[in-house]
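# Coordinate analysis (summary)
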Amino acid sequence: MRKLSGQIRSKRRIRWIAAGIVVMGVAAGVALGVARHRAGGPKPAEVVAVVVDKGEVTLDVATTGTVRPATTRQLSFAVNGTIESVAVRAGTKVAAGQELAAVDSAEAASEANEAQSGLDAAQERLAAAENQAAALTAAATACATAGRPVAPASPAACVTRGYPGTGSDPILDARKAVNRAARAVDQARAALEGTVITAPIAGTVVSVAGGVGDNVTAGKTVVTLADTYDMQVATDFPEADAGSLAAGQTATITLADHDDALTGKVVQVDPVGTPDGTLVRYGAVIAFADPPRDLLVGQSAQVAVRVGAARDVLRVPSTAVHDISGGSGTVLVRAGDRSTARTVTVGLRGDRYTAVTAGLTSGEQVVRSW
């Protein structure tokens, strides 16, 4: 029994000690909080006022884009054949007129020669028909002078009666044959020239489909050439920003691996948007004013397009204007230690500043943010 009573007293003693520790901890926390408050605890936010002044108000819309060539050409052979040579590979820079690839031209050359022979023969037949007609005309003139008609079968012989029409014109038929032969020559020569792919523009080879010994079909792309000397940035903007875009607007382009921003210009805005989940996005193309030489196809870029600007206007920070509706907003005008709400008329609301067209005068102070 005594043993049990001792255990109970011991437990009570432990509880009192624990309670004392808790009380001491709370007291210490309160004392520390008071000390912190007295030493400079959290203070009310300081009101910062700025002077209403005149300056520029600008508005930009920004997005990301990808560098791409302004022009890309898909080049192919004009005839079927076997590739004899390939002078370039992906990444090769070429000049306009440079040979890129060629196929076996023996068959095309033979067809060109045959077409030329056909044209020569047709021209000879036309010359013969014209000579015959000239002789007939001369004989008819002589007979007419003598008062007698001439027979077509014997131009030199005059007859006492006229002759019926033959139903055909040898010269016209010969000229038609010459025209057909000339077209055949043009086609054959084009086919012969089409056995060689040459660069129509200066640029960079993007891809080459095929190698020496491969059979190719006329019209199938073999070399893709990009005009990397005239690069652009392909972008897309959300519908809310796209409505303010227009060709000719200036832009700032920042490339992923360049520190300096580059100048550009909007050259195209798609008239039709593309759904992107719950959004609609509109494509736009930005051209470099002075593209750097080390641009890479597919390089990423940040683009900011200047869609609004007002110069020498009364302005305040955009954070100072609240409750904008119908061209009006509210600012807090600061005078001494007091701030008074005032309704003002606003113009362009830019990225940093908002133009104020009525309700404030230069030199007044407004609360910068509230």
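Everything that follows concerns the structure shown earlier in this document.
Bear in mind that the values here come from a model prediction, so they are computed numbers and not experimental data.

Take the overall build of the protein next. On a plain count of helices and strands, the protein comes out with 4 helices and 23 strands. A buried classification covers 29% of the 370 residues belonging to the protein. A total accessible area of about 22900 Å² is found for the protein, and carbon and sulfur atoms account for 53% of it.

Another point: the layout of surface pockets. For the largest pocket, the calculated volume is near 300 Å³. In terms of lining residues, the largest pocket is bounded by 13 residues, among which Lys93, Thr204, Thr228, Arg293 and Leu295 are the most central. Partitioning the lining of the largest pocket into residue classes produces 9 nonpolar, 2 polar and 2 charged.

A word on the sheet that holds strand β6 (residues 99-103). Hydrogen bonds between backbone groups are what pair the strands of a sheet, and the pairing can be parallel or antiparallel. In spatial order, the strands read β9-β6-β4-β11; together these 4 strands make up an open sheet with antiparallel pairing. The sheet terminates laterally at β9 (196-198) and β11 (215-216), the two strands that pair on one side only. Where β6 and β9 come together, 3 bridges link them in antiparallel fashion. Looking at the pairing, Ala102 lines up with Val196 of β9.

Of all hydrophobic cores here, the largest spans 21 residues; its most connected members are Val233, Leu245, Ile253, Leu255, Ile286, Phe288 and Val305. Breaking this core down by element, the ones donating at least two residues are β2 (53-69), β13 (231-238), β14 (250-255), β15 (262-269), β17 (279-288) and β18 (300-317). Non-local contacts of Ile286, meaning those with residues more than four positions away in its chain, are made with Gln232, Val233, Thr235, Ala251, Ile253, Gly264, Lys265, Val266, Val303 and Val305. Of all hydrophobic cores here, the second largest spans 18 residues; its members include Val88, Ala191, Val205 and Val222.

Quick look at the sheet that holds strand β12 (residues 221-226) now. Taken in spatial order, the 4 strands of this open sheet run β3-β12-β10-β5, and their pairing is antiparallel. In the strand order of this sheet, the two ends are held by β3 (72-76) and β5 (93-94), each with one partner. Judged from the 5 bridges that link them, β3 and β12 form a sheet pairing that is antiparallel. Of the residues in β12, the one forming a bridge with Ser76 is Thr221.

Together, Glu84, Asp104, Glu107, Glu111 and Glu114 line one region of the surface with negative charge. With 3 residues, the top contributor of residues to the negative patch is helix α2 (residues 106-146). As for its position among the elements, Glu84 is in strand β4 (residues 81-86). Residue Glu84 is classed as partly exposed on the basis of its relative accessible area, which comes to 49%.

The backbone of Asp312 sits at a positive phi, close to 55°, despite the residue not being glycine. For Asp312, the position within the fold is in strand β18. In this model, Asp323 sits at a positive phi of 55°, which is unusual for a non-glycine residue.

Residue placement: Thr204 occurs in strand β10 (residues 203-208). One polar contact links Thr204 to Thr228, side chain to side chain, over a distance of 2.7 Å. Other than its neighbours up to four places away in sequence, Thr204 contacts Gly91, Thr92, Lys93, Thr224, Leu225, Ala226 and Thr228.

Scoring rules and cut-offs
- Each chain carries its own residue numbering, running from 1 in the written order of its sequence.
- Confidence filtering applies because this is a predicted model: local features only for residues at pLDDT of at least 70, side-chain atom pairs given and counted only at 80 or more, and all residues used for totals across whole chains, interfaces and linings.
- Excluded from the side-chain calculations are hydrogens and water; all other atoms, namely the structure's heavy atoms, are used.
- Secondary structure counts use DSSP, requiring at least four H or I residues in a row for a helix and at least two E residues in a row for a strand, with both numbered from the N terminus.
- The rule is simple: take the accessible area with a 1.4 Å probe, protein chains only, and divide by the maximum for that residue type; under 20% is buried, over 50% is exposed, in between is partly exposed.
- Each accessible area is a Shrake-Rupley estimate made with a 1.4 Å probe; only the visible protein chains count as cover when residues are assessed.
- With a 1 Å grid spanning the protein atoms alone, the term cavity applies to any set of points in which a 1.4 Å probe fits but cannot get out, the term pocket to an open set with protein on both sides within 12 Å along at least five of seven lines, and the term lining residue to any residue with an atom within 4 Å of a point.
- Grid points are joined across faces, edges and corners, and a volume is the space filled by probe spheres set on the points.
- All amino acids are sorted into three groups, where Ala, Val, Leu, Ile, Met, Phe, Trp, Tyr, Cys and Pro are nonpolar, Asp, Glu, Lys and Arg are charged, and the leftover types, Gly among them, are polar.
- Note: two strands are recorded as paired if DSSP finds a minimum of 2 bridges between them.
- The criterion is simple. A nonpolar core is a set of buried Ala, Val, Leu, Ile, Met, Phe, Trp, Tyr and Cys residues joined through side-chain atoms within 4.5 Å.
- Any two residues whose heavy atoms approach within 4.5 Å at even a single point are treated as in contact.
- Residues forming no salt bridge and having over 30% relative accessible area are the ones grouped into patches, like charges within 9 Å of each other and nonpolar side chains (Val, Leu, Ile, Met, Phe, Trp, Tyr) within 5 Å.
- Think of a salt bridge as a Lys or Arg side-chain nitrogen and an Asp or Glu carboxyl oxygen that are within 4 Å of each other.
- A positive count includes Lys and Arg, and a negative count includes Asp and Glu. His and the chain ends are not counted in either.
- Every charge is mapped onto a representative atom, which is NZ of Lys, CZ of Arg, CG of Asp or CD of Glu.
- We call two N or O atoms a polar contact when they sit within 3.5 Å, provided that within protein one can donate a hydrogen and the other can accept it, with sequence-adjacent residues counted only if both atoms are side-chain atoms.

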